[in-house]
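# Coordinates in review
If you want the building blocks of each chain, they are given just below.
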Amino acid sequence: MPSSSLIPSDSSVLLTTAGMQQFKPYYTGKADALKDFGSVNVTSAQKCFRTSDIESVGDDTHLTFFEMLGNFSFTVSSEASSEGGAGYFKKEAIKLAYEFVVDILGVSPERIYVTVFGGDHEVPEDKESFNIWHKDMGISAHRIKKCGRGDNFWGPTGAEGPCGPTTEIYVASTAALANDSKGVEIWNIVFNEYYSKIDKTLDKLSQPGVDTGMGLERLATVLQGVPNVFETDLFHPLVSKIREVSDNIDERIVRILADHLRAVIFLVADGLLPSNKEAGYILRRLLRRILVYEIKYDIHADLFPLAIEVVGNNFGGDYPEVNNKKLIAGVLSEEKSKFEKALANGLKEIEKYKEITAKDAFYIYETFGLPFELLGELVPVKVKNLKKEDFEQEFKKHQEISRAGLEKKFGGHGLVMDTGELKVSSEEEMEKVIRLHTATHLLQRALRDALGPSAHQMGSDITAERARFDFSFNRKLTEEEIKKIEDAVNEVIGKDLPVYFKEMPKEEAIMTGALFFFKEKYPDVVKVYFVGPAGGAGGEPYSAEFCGGPHVANTFKIGKIKISKQESVGSGVRRIRISLV
Ligand code: GLY
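Each value, and the rule that gives it
Residues numbered from 1 in each chain as written. Predicted model: local features only at pLDDT ≥ 70, side-chain atom pairs only at ≥ 80, totals over all residues. Heavy atoms only, no water. Helix = DSSP H or I, 4+ residues; strand = E, 2+ residues; numbered from the N terminus. Rg over C-alpha atoms; globule rule 2.2 N^0.38 Å. Buried < 20%, exposed > 50% of the residue type's maximum accessible area, 1.4 Å probe, protein only. Contact = heavy atoms within 4.5 Å. Areas by Shrake-Rupley, 256 points an atom, 1.4 Å probe, with all protein chains shown as cover. Lys, Arg positive; Asp, Glu negative; His and termini not counted. Charge placed at Lys NZ, Arg CZ, Asp CG, Glu CD. Axes fitted to C-alpha atoms, helices over the stretch in contact; angles between N-to-C directions. Parallel < 35°, antiparallel > 145°, perpendicular 65-115°, else oblique. Left-handed = near helix turned anticlockwise from the far one by under 90°. Nonpolar A, V, L, I, M, F, W, Y, C, P; charged D, E, K, R; others polar. Expected span 1.5 Å × (residues − 1). Arc of directions from axis to C-beta. Near = heavy atom within 4 Å. Polar contact = N/O pair within 3.5 Å; in protein donor to acceptor, adjacent residues only side chain to side chain. Pairing = 2+ DSSP bridges. Phe/Tyr/Trp six-rings, centres within 6.5 Å; stacked < 30°, edge-to-face > 60°. Lys NZ or Arg CZ within 6 Å of the ring centre and 35° of its normal. pLDDT = per-residue confidence, 0-100.

When helices and strands are tallied, the protein shows 18 helices and 15 strands. Taken against the 2.2 N^0.38 rule, which gives 25 Å for 581 residues, the C-alpha radius of gyration of the protein at 26 Å falls within 12% of a compact globule. Dimensions of the protein, computed from the C-alpha atoms along their principal axes, are close to 80 × 70 × 45 Å. Taking all 581 residues of the protein together, the buried fraction comes to 51%. Within the protein, counting contacts between residues at least 6 apart in sequence, those at least 24 apart form 66% of the total. Surface accessibility of the protein: about 26,400 Å² in total, with carbon and sulfur atoms responsible for 52%. Of the side chains in the protein, 73 bear a positive and 86 a negative charge, and the two mean positions are spaced by 4 Å.

As structure tokens, this is what we get:
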């Protein structure tokens, strides 16, 4: 299976952190892998991003962005008679993993040791895995370590989902080190036997499955016989470039720059834009850390274009999205100019303080855009008593206030979403509102085609006169873009495509790729409205969105629309008005 985007469809996680994330519904039986993939066993190389390791980046093995190889089995059953229908579990998964590492990749067995789950008050010890390693694979008992929840239990990603005990494979650089359990974890094999619910209690899954994750950079470190991930061929070209343009900077800083540069390029390539919230804020922090280091370590080269070139050449063959060099460069250079302005003003402000409190830090962040983390880099002495939790407390307070404000302003999805309540005074008005409502779905698709997937709906408001559509985007649209979008919508209207809905479980709906509001809480069963497919039956629908309706039955009923106005409504949000002509 191809890697899914770094921007996940599961709204309870900000970024894709594991290979299994795109497969969650297949473990719970909400989706059918045999039907969708022709097999209950799949493999992937997945783009992943983890903030959890950000403080460790710079050591030999930790990264924010990395590639994870995985094999997955969604069921241990048993329709063995049908092709692709037989899954596998502990015995096969361990055997496959060991054979792959030792026989295929040629890692000497002396360098390997493993861990298994040792059991706790809730989940029993995984004796089965211990025995498979010991008896079937011939690993001596002192090379099998038993560990607890913290080390050998994985998942869920996000608020709820499949999870379970793990067994992990470590490789040391020598046999002696392996005896002392001093190696690098390269492969995590998860046995998804449980479902962790929102309240964190565990239910036994009716069908257990296998989910494995093997860090490509660590595996390359082991196989290429180099001391750390940054010396592998995955990183070396970028690291050398950074060294070439910077004078004698600390190795740790080179590594952090290399990690962050590669990460931001992949994030932007997947359509993420820097912003002040959620995933966009993670991106902004990485970008601004790079920019601060450029200043702090007196690097005169602009690292962004250099890195875009190197990363494009190194990874563009496998991940064509990073070949979008112009687009990526545009986003990065815009953030750079924003930061330069913010920094000049912010530094002036900081001069006024002897010591910076959480409130001050939030004020500096909100007014000048200098993230909390950067204060530590810029003025360590002034923030030495400032705790991150206190800053976060301030941040939360602010978020709550601004969310309430937004809801008031945009009124959620507008008038039709959950309630079906249309505030119209006549049937004639009603008809116009419905035509405009369907037109906003077409508009969203056309916007994303023209501007990329970072453009997504933030709110809408529809009256008989016009529809207002708010979406995330960080600049004014050009005349040509407006025209292109308007033409695209009218062209689809002219094709007389059918508009229809299906009701389905939320997770399944997410898997269809239908658009939805990250923020909104949806019921377990949702309606998805489709327009098309454009190429007749069997093709992809032109548009798919979570929506309560109502809509016209076919696009021709909309008539023709025009885009009457565009404006900005706050940072990173634009508003378009359309009307019927
Ligand atoms: N899902 C297994 C891992 O991420 O390690």
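So, next bit.
Further remarks concern the packing of helix H12 (residues 325-351) against helix H13 (residues 358-368). It is at 10 Å that the axes of H12 and H13 come closest, and there the two elements cross at 150°. Between H12 and H13, the angle falls in the class roughly antiparallel. H12 and H13 meet at a crossing whose hand is right-handed. Taking contact as the criterion, the partners of Ala342, Asn345, Gly346, Glu349 and Ile350 in H12 are, on H13, Tyr363, Ile364 and Phe368. Residue classes in the contact of H12 with H13 are distributed as five nonpolar, two polar and one charged.

Helix length check: helix H3 (residues 90-104) (15 residues) gives 20 Å between terminal C-alpha atoms against 21 Å at 1.5 Å per residue, within 8%. Among all positions in H3, only Lys90, Ala93, Ile94, Ala97, Tyr98, Val101 and Val102 are buried. Buried residues in H3, looked at end-on, bunch into an arc of 135°, giving them a common side. Within H3, the exposed residues directed more than 90 degrees away from the buried face are Asp103 and Ile104.

Moving on: the site of the ligand. Taken together, Ala18, Met20, Arg50, Met68, Trp154, Asn188, Val190 and Asp211 make up the full set of residues near the ligand. Contact distances for the ligand include 2.8 Å between an oxygen atom and a side-chain N or O atom of arginine 50. Residue aspartate 211 places a side-chain N or O atom 2.8 Å away from a nitrogen atom belonging to the ligand. With the chains in place, 96% of the 200 Å² that the ligand exposes on its own is no longer accessible. Partitioned by chemical class, the residues of the shell around the ligand number five nonpolar, one polar and two charged.

Moving on: the environment of lysine 35. Locating lysine 35 in the fold gives a position in helix H2 (residues 33-37). Look at lysine 35 and you get exposed, because its relative accessible area is 68%. Separated by 50 residues in the primary sequence, lysine 35 and glycine 85 have C-alpha atoms spaced 9.8 Å apart.

This part is about the pairing of strand S7 (residues 184-196). Of all the 13 residues making up S7, eleven are buried; the element is thus mostly covered by neighbouring parts of the structure. Looking at chain direction, strand S6 (residues 161-171) and S7 are connected through nine bridges and run antiparallel. Across the sheet, the residue bridging to proline 162 is tyrosine 195, located in S7. Two strands pair when backbone bridges link them, and S7 and strand S8 (residues 202-215) are joined in this way by nine bridges, in the antiparallel orientation.

Turning to the packing of aromatic side chains, a few remarks are in order. Per the counting criterion, the structure on display carries 29 aromatic pairs. On the basis of an interplanar angle of 40° and a centroid distance of 6.4 Å, the ring pair of phenylalanine 153 and tyrosine 194 is categorised as tilted. One end of the pair, phenylalanine 153, is in strand S5 (residues 153-154); the other, tyrosine 194, is in strand S7, with 41 residues separating them in the sequence. Exposure class is identical for phenylalanine 153 and tyrosine 194. Each is buried. Judged by centre distance (4.8 Å) and plane angle (20°), the ring pair of phenylalanine 372 and phenylalanine 391 falls under stacked. Highlighted residues: phenylalanine 372 in helix H14 (residues 372-378) and phenylalanine 391 in helix H15 (residues 388-410), separated in sequence by 19 residues. Residue classification places phenylalanine 372 among the buried positions, given a relative accessible area of 11%. Among the aromatic residues, ring-to-ring pairing joins Phe23, Tyr26, Tyr27, Phe37, Phe72 and Phe74 into one connected group. Directly above the aromatic system of phenylalanine 130 lies the positively charged group of lysine 146, at a separation of 5.1 Å from the ring centroid. It is lysine 502 that lies over the ring of phenylalanine 530; its NZ or CZ is 5.2 Å from the centre.

With 13 residues, helix H11 (residues 303-315) should cover 18 Å at 1.5 Å per step; its first-to-last C-alpha distance of 17 Å lies within 8% of that length. Those residues of H11 that sit buried are Leu303, Phe304, Ala307, Ile308, Val310, Val311, Gly312 and Phe315. Residues of H11 that are buried make contact with strand S2 (65-73), helix H8 (236-245), helix H9 (251-269), helix H10 (278-296) and H12.

Our focus in this paragraph is the sheet that holds strand S9 (residues 457-462). Strand order in the open sheet made by the four strands is S9-S10-S15-S14, with antiparallel pairing throughout. Of all the strands in the sheet, the pair left with one neighbour each is S9 and strand S14 (561-568). This sheet shows a mean twist of 20° between the axes of neighbouring strands, independent of strand direction. Bridge analysis of S9 against strand S10 (residues 467-472) gives five bridges, and the strand direction is antiparallel. Within S10, the position partnered with serine 460 by the bridge is phenylalanine 469.

The next subject is the sheet that holds strand S12 (residues 525-531). With antiparallel pairing, three strands are arranged side by side in an open sheet as S11-S12-S13. Both outer strands of the open sheet, strand S11 (499-505) and strand S13 (543-546), are each paired with one neighbouring strand and no more. Along the sheet, successive strands turn relative to each other by an average axial angle of 25°, direction set aside. Note: S11 against S12, seven bridges, orientation antiparallel. Note on S12: the bridge partner recorded for glutamate 503 is lysine 527.

Residues of the protein with pLDDT of at least 70 account for 92%, and the chain-wide mean is 88. Residue range residues 415-422 is modelled with pLDDT below 50. Its contacts to residues more than four positions away, or to other chains, number 19 contacts.

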